[in-house]
Amino acid sequence: MIKLSNVFKRYHNHHGSEWVLRDINFTIPTGTSVGVIGGNGAGKSTLLNLIANMDAPDRGEIVRQCRVSWPIGLSGGFQGSMTGRQNVKFVARIHGDEAEIERIVDYVEAFAEIGPAFDEPIKTYSSGMKSRLSFGLSLAFDFDVYLSDEATAVGDLAFKEKAKAAFRDRIGKAGLVMVSHSEGILKDLCQAGVWLHQGQAHWFEDVNDAIAAYHDSVGKGGSALKPQGPGKVEKLRAANQKLREGMTRQGEKINAMRESITKLKEDRKAIAERSKSLHVSVKTLREEKSVLAQDYRTLSEQYRALQNQLVGDDEKTR
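Just so it is clear, the structure is predicted and the values come from calculations on it, not from any experiment. (Residues numbered from 1 in each chain as written. Predicted model: local features only at pLDDT ≥ 70, side-chain atom pairs only at ≥ 80, totals over all residues. Heavy atoms only, no water.)

Student: Which residues make up the packing of aromatic side chains, and what values go with them?
Tutor: In this structure the tally under the stated criterion is nine aromatic pairs. Taking 6.0 Å as the distance between ring centres and 70 degrees as the angle between the ring planes, the aromatic pair formed by Trp70 and Phe141 counts as edge-to-face. Here Phe141 lies in the loop between helix H4 (127–139) and strand E6 (145–149) and Trp70 lies in strand E5 (residues 68–72), a separation of 71 residues in the sequence. Each member of the pair, Trp70 together with Phe141, is buried. Ring centres of Phe141 and Phe143 lie 6.0 Å apart, and the angle between their planes is 50 degrees; this geometry places the pair in the tilted category. Take Phe141 and Phe143: they sit in the same class, and that class is buried. Cluster of aromatic residues (ring-pair linked, three or more members): Trp70, Phe141, Phe143 and Tyr146. It is Lys162 that lies over the ring of Phe111; its NZ or CZ is 4.8 Å from the centre. (Phe/Tyr/Trp six-rings, centres within 6.5 Å; stacked < 30°, edge-to-face > 60°. Helix = DSSP H or I, 4+ residues; strand = E, 2+ residues; numbered from the N terminus. Buried < 20%, exposed > 50% of the residue type's maximum accessible area, 1.4 Å probe, protein only. Lys NZ or Arg CZ within 6 Å of the ring centre and 35° of its normal.)

Student: Would you mind going over the side chain of Arg170 in detail, with residue names and values included?
Tutor: Following the sequence through the fold, Arg170 ends up in helix H5 (residues 157–170). Among the polar contacts listed, one links the side chain of Arg170 to the side chain of Tyr146, at a separation of 3.5 Å. Ignoring any residue separated from it by four or fewer positions in sequence, one finds Arg170 in contact with Tyr107, Leu139 and Tyr146. (Polar contact = N/O pair within 3.5 Å; in protein donor to acceptor, adjacent residues only side chain to side chain. Contact = heavy atoms within 4.5 Å.)

Student: Got a sec to walk through H5? Specific residues and values, please.
Tutor: For H5, with 14 residues, the first-to-last C-alpha span of 20 Å sits near the 20 Å given by 1.5 Å per residue. Looking at the residues trailing H5, positive phi occurs at Gly172, about 100 degrees. (Expected span 1.5 Å × (residues − 1).)

Student: I'd love a proper account of empty space enclosed by the protein, names of residues and values included.
Tutor: A full pass over the atoms with the stated rule returns one cavity of 30 Å³ or more. Put simply, the largest cavity is a space of about 30 Å³. Residue lining of the largest cavity: Tyr146, Phe167, Arg170, Ile171, Ala174, Gly175 and Leu176, and that is the complete set. Those elements giving two or more residues to the lining of the largest cavity turn out to be H5 and strand E7 (175–179). The residue makeup of the lining of the largest cavity, split by class, is five nonpolar, one polar and one charged. (1 Å grid on protein atoms, 1.4 Å probe; cavity = no way out; pocket = protein on both sides within 12 Å on 5 of 7 lines; lining within 4 Å. Points joined across faces, edges and corners; volume = space filled by probe spheres on them. Nonpolar A, V, L, I, M, F, W, Y, C, P; charged D, E, K, R; others polar.)

Student: Residues and numbers for the environment of Asn6, please.
Tutor: With respect to the helices, strands and loops of the structure, Asn6 is situated in strand E1 (residues 2–10). The exposure class assigned to Asn6 is partly exposed, which follows from its relative accessible area of 42%. Sequence separation of Asn6 and Leu21 is 15 residues, and the distance between their C-alpha atoms is 9.8 Å. With residues up to four places along the chain from it excluded, the contact list for Asn6 reads Asp23, Ile24, Asn25, Arg59 and Gly60.

Coordinates in, geometry out; function isn't part of it.
In structure tokens, the structure reads:
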């Protein structure tokens, strides 16, 4: 259960210090999925950060009688010079235990679908790759309540479906507090709703009633919650397929380059070994040449001595 009592929050800047949230009071029951609805600047992300204990209210209190995740998709806590794998291990050691580290790393690597980049520094990642990694890392732990701030908007169509399936799998086992501009996702995943309007929160037991209240507040033509029609979905699928094909071709080129580099390294190693062998052979030949030269000098001296002896014998004979 999460209970917010008389919560106030504002941020001071050169425009003034208007209250973002004013006198917020509601309770999220255990295991309940809640959709947070409101216009841009209504305080949806602020509310999520307060629930996550990443920010503190100026007044009031928030009681959490459960384990609450950080906002899924949040990537600001990663260390840029460390690889994705190293970051995941670091977080796993803090939030889990040693026996679970290998399982958590394997789960995140499979879920994030970022391939070899998992072993590259985080600072080389795109924002989407960081969000994928953070999404998988959040779901690798068994929290009582998961927080999602537009997390299902990350990645291509296939990954979005995978993200929604992961949330559906946790409904009934854990609670969910979700911020999204997609009306369909909120209806699909959430039971209750919180509508933020003019700094105040309005609780609805049915998320459809919260969406209806929001529509009424902005008028039929001004809703920021936009359902996606079939035509748009088909276009997204086609674009996604084209992107996948392009990535496949790019991957094949990269693999071919890696194979060429590997072959070059092997050839260079073979040349180095051959050069070393030739160096040894040259040294051996030089030594053999020196021995032969010495033998030649010895034979020459013996030949001259023999000639002198023969001349002496001839003279005696005469």
